[in-house]
Amino acid sequence: KKITNLGVPASFFRYISRMFIRKKKNKSGVISVQVIDKSSGKYKLIKTIGSSCNLIEIERLYKEGLSWIRNYTGALELDFNNE
């Protein structure tokens, strides 16, 4: 088991980096925004954030999905621009 210089297993970072947002078009033409995990090598649906045919609403759902991933994984954001 490889340990990083932060004292956590390297697999922890691989798990976080394998979660992403998918926009999937359904048969009805509506786009579903989903959180997908690929840490085990296969795609696994974790959560459906919502669906819409409105582009503005789809973008809002996408941002909500990114926020959900940050909260779910406990990932922190570092702002290097604000000194």
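Residues numbered from 1 in each chain as written. Predicted model: local features only at pLDDT ≥ 70, side-chain atom pairs only at ≥ 80, totals over all residues. Heavy atoms only, no water.

Peer 1: What is the right way to read the packing of aromatic side chains from this model?
Peer 2: Aromatic rings in a pair are described by how distant their centres are and how their planes are angled relative to each other. Tallied over the full model, the rule gives 1 aromatic pair. Pairing Phe-20 with Tyr-43 gives two aromatic rings, centres 6.1 Å apart and planes at 85 degrees, and the pair type is edge-to-face. With a gap of 23 residues between them, Phe-20 in strand S1 (residues 19-25) and Tyr-43 in the loop between strand S2 (31-37) and strand S3 (44-52) connect regions that are remote in the sequence. Residue class for Phe-20 comes out partly exposed when judged on its relative accessible area of 29%. With relative accessibility at 57%, the residue Tyr-43 sits in the exposed group. Stacked on the ring of Tyr-43, the Lys or Arg Lys-38 has its end atom at 4.9 Å from the ring centre. (Phe/Tyr/Trp six-rings, centres within 6.5 Å; stacked < 30°, edge-to-face > 60°. Helix = DSSP H or I, 4+ residues; strand = E, 2+ residues; numbered from the N terminus. Buried < 20%, exposed > 50% of the residue type's maximum accessible area, 1.4 Å probe, protein only. Lys NZ or Arg CZ within 6 Å of the ring centre and 35° of its normal.)

Peer 1: What's the story with the pairing of S2 in this structure? I'm lost.
Peer 2: The side chains of a regular strand alternate, residue by residue, between the two faces of the sheet. Summarising burial for S2: 6 of the 7 residues are buried, a large majority. By the bridge criterion, 7 bridges tie S1 to S2 in an arrangement that is antiparallel. Each bridged residue has a counterpart across the sheet, and for Ile-21 the counterpart in S2 is Val-35. In textbook terms, the turn of a hairpin is the stretch between consecutive antiparallel strands, and for S1 and S2 this stretch comprises 5 residues, one of which, Gly-29, has a positive phi near 95 degrees. Where S2 folds back onto S3 in an antiparallel hairpin, the turn is made up of 6 residues, including Gly-41, whose phi is positive at roughly 95 degrees. (Pairing = 2+ DSSP bridges.)

Peer 1: Is there a simple way to think about the pattern of salt bridges in this case?
Peer 2: When charged atoms on two side chains of opposite charge get close, those side chains can pair. Counted under the stated rule, the structure contains 3 salt bridges. In this structure, Glu-59 and Lys-23 form a salt bridge, with 3.9 Å as the shortest nitrogen-oxygen distance. With Glu-59 in helix H2 (residues 55-73) and Lys-23 in strand S1, this pair connects stretches of sequence that are 36 residues apart. Relative accessible area serves as the criterion here: at 35%, Glu-59 is assigned to the partly exposed category. For Lys-23, a relative accessible area of 44% translates into the label partly exposed. For the salt bridge of Glu-57 with Arg-60, the shortest nitrogen-to-oxygen distance reads 2.7 Å. (Salt bridge = Lys/Arg side-chain N within 4 Å of Asp/Glu carboxyl O.)

Peer 1: What's the story with H2 in this structure? I'm lost.
Peer 2: Since the α-helix packs 3.6 residues into each turn, any two residues three or four apart lie on the same face. When the terminal C-alpha atoms of H2 are compared, their 27 Å separation across 19 residues agrees well with the 27 Å that a helix rising 1.5 Å per residue should span. Along H2, the residues classified as buried are Ile-58, Leu-61, Gly-65, Ile-69 and Thr-73. Seen end-on, H2 carries its buried residues on one side only, within an arc spanning 90 degrees. Turned more than 90 degrees from where H2 packs its buried face, Ile-56, Lys-63 and Asn-71 sit exposed. If you check the start of H2, you find a side-chain oxygen 2.8 Å away from the backbone N of Ile-56, and it comes from Asn-54. A positive backbone phi angle near 75 degrees is found at Gly-74, which sits one or two residues after H2. (Expected span 1.5 Å × (residues − 1). Arc of directions from axis to C-beta. Polar contact = N/O pair within 3.5 Å; in protein donor to acceptor, adjacent residues only side chain to side chain.)

The values are spatial; any link to function lies outside them.
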